[in-house]
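So the chains spell out like this:
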Amino acid sequence: MARMPSAERRRQLTEAAIRAMTRDGVARTTTRSIAAEAGVSLSVFHYCFDSKEALLESVIATITEHSVAMVREAIRPRATLRETVRSGFRAYWDHVAANPGEHMLTYELTQYALRQPGFEHLARRQYELYSAAYIELLDRLRDLAGVELSVPDAVLARYLAAMTDGLTLNFLVLGDARAAEQILDMIADHVAGLVLDTGRAPV
(Lines give C-alpha, C1' and ligand atoms only; values in the text may rest on other atoms or scores of the structure.)
Protein backbone atom coordinates (compact mmCIF):
# COMPACT_ATOMS: atom_id res chain seq x y z
CA MET A 1 0.00 0.00 0.00
CA ALA A 2 1.41 3.35 -1.07
CA ARG A 3 2.27 5.80 1.67
CA MET A 4 0.61 9.20 1.60
CA PRO A 5 0.59 12.22 3.92
CA SER A 6 -1.63 11.75 6.97
CA ALA A 7 -3.88 14.69 6.02
CA GLU A 8 -4.54 13.14 2.63
CA ARG A 9 -5.17 9.75 4.23
CA ARG A 10 -7.66 11.36 6.61
CA ARG A 11 -9.48 12.90 3.65
CA GLN A 12 -9.54 9.51 1.93
CA LEU A 13 -11.02 7.84 5.02
CA THR A 14 -13.51 10.65 5.57
CA GLU A 15 -14.82 10.36 2.02
CA ALA A 16 -15.00 6.58 2.44
CA ALA A 17 -16.97 7.08 5.67
CA ILE A 18 -19.41 9.38 3.89
CA ARG A 19 -20.00 6.79 1.18
CA ALA A 20 -20.43 3.97 3.70
CA MET A 21 -22.73 5.97 5.98
CA THR A 22 -24.81 7.18 3.05
CA ARG A 23 -25.26 3.59 1.93
CA ASP A 24 -25.60 1.80 5.29
CA GLY A 25 -26.55 4.46 7.85
CA VAL A 26 -24.50 5.90 10.69
CA ALA A 27 -25.33 3.28 13.31
CA ARG A 28 -24.49 0.34 11.04
CA THR A 29 -21.25 1.74 9.69
CA THR A 30 -18.21 0.38 11.52
CA THR A 31 -14.57 1.36 11.49
CA ARG A 32 -13.87 -1.94 9.76
CA SER A 33 -16.36 -1.22 6.97
CA ILE A 34 -14.92 2.28 6.49
CA ALA A 35 -11.39 0.89 6.24
CA ALA A 36 -12.61 -1.66 3.69
CA GLU A 37 -14.39 1.08 1.72
CA ALA A 38 -11.15 3.07 1.63
CA GLY A 39 -9.04 0.02 0.80
CA VAL A 40 -6.79 0.38 3.84
CA SER A 41 -6.07 -1.70 6.92
CA LEU A 42 -7.89 -1.11 10.19
CA SER A 43 -4.62 -0.02 11.77
CA VAL A 44 -4.36 2.83 9.24
CA PHE A 45 -7.83 3.99 10.24
CA HIS A 46 -6.93 4.06 13.94
CA TYR A 47 -3.69 5.88 13.14
CA CYS A 48 -5.66 8.65 11.42
CA PHE A 49 -8.63 8.84 13.82
CA ASP A 50 -8.26 8.13 17.50
CA SER A 51 -12.02 8.07 18.12
CA LYS A 52 -15.40 7.83 16.40
CA GLU A 53 -16.02 11.37 17.59
CA ALA A 54 -13.04 12.65 15.60
CA LEU A 55 -14.23 10.78 12.52
CA LEU A 56 -17.77 12.16 12.76
CA GLU A 57 -16.49 15.69 13.18
CA SER A 58 -14.43 15.27 10.00
CA VAL A 59 -17.44 13.81 8.17
CA ILE A 60 -19.66 16.74 9.18
CA ALA A 61 -17.08 19.33 8.11
CA THR A 62 -16.43 17.58 4.79
CA ILE A 63 -20.09 17.18 3.85
CA THR A 64 -20.66 20.86 4.57
CA GLU A 65 -17.70 21.80 2.39
CA HIS A 66 -19.04 19.69 -0.50
CA SER A 67 -22.03 22.02 -0.79
CA VAL A 68 -20.24 25.25 0.11
CA ALA A 69 -17.55 24.71 -2.53
CA MET A 70 -20.17 24.57 -5.28
CA VAL A 71 -21.96 27.68 -4.01
CA ARG A 72 -18.71 29.59 -3.58
CA GLU A 73 -17.83 28.88 -7.21
CA ALA A 74 -21.31 29.85 -8.44
CA ILE A 75 -21.49 33.25 -6.73
CA ARG A 76 -20.21 35.57 -9.43
CA PRO A 77 -21.41 38.98 -10.59
CA ARG A 78 -24.63 38.63 -12.59
CA ALA A 79 -26.93 41.16 -14.24
CA THR A 80 -28.71 41.86 -10.92
CA LEU A 81 -28.06 41.19 -7.25
CA ARG A 82 -31.08 38.90 -7.20
CA GLU A 83 -29.60 36.79 -10.01
CA THR A 84 -26.27 36.64 -8.19
CA VAL A 85 -27.98 35.38 -5.02
CA ARG A 86 -30.17 32.94 -6.92
CA SER A 87 -27.15 31.44 -8.70
CA GLY A 88 -25.72 30.46 -5.32
CA PHE A 89 -28.94 28.80 -4.25
CA ARG A 90 -29.18 27.05 -7.61
CA ALA A 91 -25.72 25.56 -7.11
CA TYR A 92 -26.70 24.34 -3.65
CA TRP A 93 -29.89 22.82 -4.99
CA ASP A 94 -28.08 21.11 -7.85
CA HIS A 95 -25.94 19.41 -5.20
CA VAL A 96 -29.05 18.31 -3.27
CA ALA A 97 -30.65 16.90 -6.41
CA ALA A 98 -27.46 15.07 -7.41
CA ASN A 99 -26.64 13.77 -3.90
CA PRO A 100 -29.88 13.22 -1.96
CA GLY A 101 -28.38 10.38 0.07
CA GLU A 102 -25.53 12.56 1.29
CA HIS A 103 -27.96 15.28 2.38
CA MET A 104 -30.15 12.70 4.09
CA LEU A 105 -27.03 11.63 5.98
CA THR A 106 -26.65 15.12 7.44
CA TYR A 107 -29.95 14.75 9.30
CA GLU A 108 -29.04 11.28 10.48
CA LEU A 109 -25.73 12.60 11.81
CA THR A 110 -27.58 15.31 13.75
CA GLN A 111 -29.96 12.83 15.35
CA TYR A 112 -27.19 10.37 16.10
CA ALA A 113 -25.08 13.04 17.80
CA LEU A 114 -28.01 14.33 19.86
CA ARG A 115 -28.94 10.84 21.06
CA GLN A 116 -25.41 9.65 21.79
CA PRO A 117 -24.22 10.78 25.25
CA GLY A 118 -21.11 12.90 24.92
CA PHE A 119 -21.60 13.57 21.21
CA GLU A 120 -24.13 16.40 21.52
CA HIS A 121 -21.48 19.01 20.77
CA LEU A 122 -21.06 17.53 17.28
CA ALA A 123 -24.64 18.49 16.42
CA ARG A 124 -23.98 22.01 17.67
CA ARG A 125 -20.76 22.10 15.67
CA GLN A 126 -22.65 20.99 12.57
CA TYR A 127 -25.07 23.90 12.76
CA GLU A 128 -22.30 26.33 13.66
CA LEU A 129 -20.59 25.26 10.43
CA TYR A 130 -23.77 25.96 8.47
CA SER A 131 -23.94 29.50 9.86
CA ALA A 132 -20.20 30.07 9.35
CA ALA A 133 -20.55 28.95 5.73
CA TYR A 134 -23.32 31.46 5.11
CA ILE A 135 -21.32 34.25 6.74
CA GLU A 136 -18.44 33.45 4.38
CA LEU A 137 -20.79 33.47 1.39
CA LEU A 138 -22.41 36.74 2.48
CA ASP A 139 -18.95 38.30 2.69
CA ARG A 140 -18.26 37.09 -0.83
CA LEU A 141 -21.58 38.51 -2.05
CA ARG A 142 -20.85 41.86 -0.40
CA ASP A 143 -17.40 42.05 -2.00
CA LEU A 144 -18.62 41.09 -5.46
CA ALA A 145 -21.79 43.17 -5.52
CA GLY A 146 -20.57 46.19 -3.55
CA VAL A 147 -23.63 46.20 -1.28
CA GLU A 148 -24.45 46.28 2.41
CA LEU A 149 -27.34 44.38 3.97
CA SER A 150 -29.83 45.68 6.52
CA VAL A 151 -29.57 42.58 8.70
CA PRO A 152 -26.47 41.54 10.71
CA ASP A 153 -24.56 38.74 9.03
CA ALA A 154 -24.92 36.39 12.01
CA VAL A 155 -28.71 36.77 12.02
CA LEU A 156 -29.10 36.42 8.27
CA ALA A 157 -26.71 33.46 8.17
CA ARG A 158 -28.73 31.58 10.78
CA TYR A 159 -31.96 32.43 8.95
CA LEU A 160 -30.62 31.15 5.63
CA ALA A 161 -29.22 28.02 7.24
CA ALA A 162 -32.60 27.31 8.84
CA MET A 163 -34.48 27.92 5.60
CA THR A 164 -32.29 25.73 3.41
CA ASP A 165 -32.03 23.05 6.09
CA GLY A 166 -35.80 22.84 6.42
CA LEU A 167 -36.38 23.04 2.68
CA THR A 168 -33.90 20.25 2.00
CA LEU A 169 -35.59 17.93 4.50
CA ASN A 170 -39.00 18.84 3.05
CA PHE A 171 -37.75 17.90 -0.42
CA LEU A 172 -36.22 14.63 0.77
CA VAL A 173 -39.57 13.67 2.28
CA LEU A 174 -42.00 14.98 -0.36
CA GLY A 175 -39.82 15.02 -3.49
CA ASP A 176 -41.47 18.17 -4.85
CA ALA A 177 -38.66 19.82 -6.83
CA ARG A 178 -40.93 22.49 -8.34
CA ALA A 179 -42.09 23.68 -4.92
CA ALA A 180 -38.49 23.74 -3.70
CA GLU A 181 -37.42 25.94 -6.63
CA GLN A 182 -40.29 28.34 -5.94
CA ILE A 183 -39.27 28.65 -2.30
CA LEU A 184 -35.66 29.28 -3.28
CA ASP A 185 -36.92 32.05 -5.57
CA MET A 186 -38.69 33.59 -2.58
CA ILE A 187 -35.55 33.41 -0.43
CA ALA A 188 -33.47 35.03 -3.19
CA ASP A 189 -36.06 37.82 -3.48
CA HIS A 190 -35.93 38.32 0.28
CA VAL A 191 -32.13 38.58 0.41
CA ALA A 192 -32.07 40.99 -2.54
CA GLY A 193 -34.64 43.11 -0.72
CA LEU A 194 -32.35 43.49 2.29
CA VAL A 195 -29.87 45.71 0.47
CA LEU A 196 -29.22 49.09 2.08
CA ASP A 197 -29.07 52.22 -0.06
CA THR A 198 -25.38 53.14 0.23
CA GLY A 199 -25.21 55.22 -2.90
CA ARG A 200 -23.43 52.41 -4.74
CA ALA A 201 -25.24 50.68 -7.56
CA PRO A 202 -25.55 46.93 -6.92
CA VAL A 203 -24.86 44.47 -9.70
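Given the structure is predicted, the values throughout are model-derived calculations rather than measurements.

Caption draft 1: Looking closely at the nonpolar core. Within the largest apolar cluster, 30 residues are counted, with the highest numbers of intra-cluster contacts made by Val85, Phe89, Trp93 and Leu160. Looking at this core, the elements that each hand over two or more residues are α4 (52-74), α5 (81-98), α7 (120-145), α8 (153-174) and α9 (177-192). Top contributing element to this core by residue count: α5, with seven residues. Leu160 has contacts with Phe89, Tyr134, Leu138, Ile187 and Val191, leaving out every residue within four places of it along the chain. Ranked by size, the runner-up nonpolar core spans 27 residues in total, among them Leu13, Phe45, Phe49 and Leu55.

Caption draft 2: Structural detail: the packing of aromatic side chains. With the rule as written, the count across this model stands at five aromatic pairs. When the centroid spacing of 5.7 Å and the interplanar angle of 40° are considered together, the rings of Phe45 and Phe49 count as tilted. Comparing Phe45 with Phe49, the two get one shared label, buried. With a centroid separation of 4.9 Å and an interplanar angle of 65°, the aromatic rings of Tyr127 and Tyr130 are classed as edge-to-face.

Caption draft 3: Molecular detail of the environment of Ser6. Following the sequence through the fold, Ser6 ends up in helix α1 (residues 6-24). Expressed as a C-alpha distance, the spacing of Ser6 and Cys48, which sit 42 residues apart in the sequence, is 6.8 Å.

Caption draft 4: Just the packing of α1 against α4, in detail. Two numbers describe how α1 lies on α4: the axes approach to 9 Å, and their chain directions differ by 85°. When the axes of α1 and α4 are compared, the pair comes out roughly perpendicular. Contacts between α1 and α4 involve Thr14, Glu15, Ala17, Ile18 and Met21 from the former and Leu55, Leu56, Ser58, Val59, Thr62, Ile63 and His66 from the latter. Looking at the contact of α1 with α4, its residues break down into seven nonpolar, four polar and one charged.

Thresholds, definitions, all that
- Every chain begins its residue count from 1, and numbering advances along the sequence as written.
- At least 70 in pLDDT is required for a residue's local features to be given in this predicted model, at least 80 for side-chain atom pairs to be given and counted, and no such filter applies to totals for whole chains, interfaces and linings, which use all residues.
- Hydrogens are left out, water is left out, and the side-chain values use all remaining heavy atoms of the structure.
- Only buried residues count toward a nonpolar core. Its members are Ala, Val, Leu, Ile, Met, Phe, Trp, Tyr and Cys residues joined through side-chain atoms within 4.5 Å.
- Only protein chains enter the accessibility calculation, which uses a 1.4 Å probe; a residue is then buried when its area is under 20% of its type maximum, exposed when over 50%, and partly exposed in between.
- The helix and strand labels rest on DSSP assignments: H or I over at least four residues marks a helix, E over at least two residues marks a strand, and numbering proceeds from the N terminus.
- Whether two residues are in contact is decided by their heavy atoms, any of which lying within 4.5 Å being enough.
- When two rings of Phe, Tyr or Trp (its six-membered ring) have centres within 6.5 Å they constitute a pair, described as stacked for plane angles under 30 degrees, edge-to-face for angles over 60, and tilted for the intermediate range.
- Angles here are taken between N-to-C directions and fall from 0 to 180 degrees, while the axes themselves are lines fitted to C-alpha atoms, restricted in helices to the stretch in contact.
- Any angle between 65 and 115 degrees counts as roughly perpendicular, while under 35 counts as roughly parallel, over 145 as roughly antiparallel, and the rest as oblique.
- Basically, the charged four are Asp, Glu, Lys and Arg, the nonpolar ten are Ala, Val, Leu, Ile, Met, Phe, Trp, Tyr, Cys and Pro, and anything else, Gly included, counts as polar.

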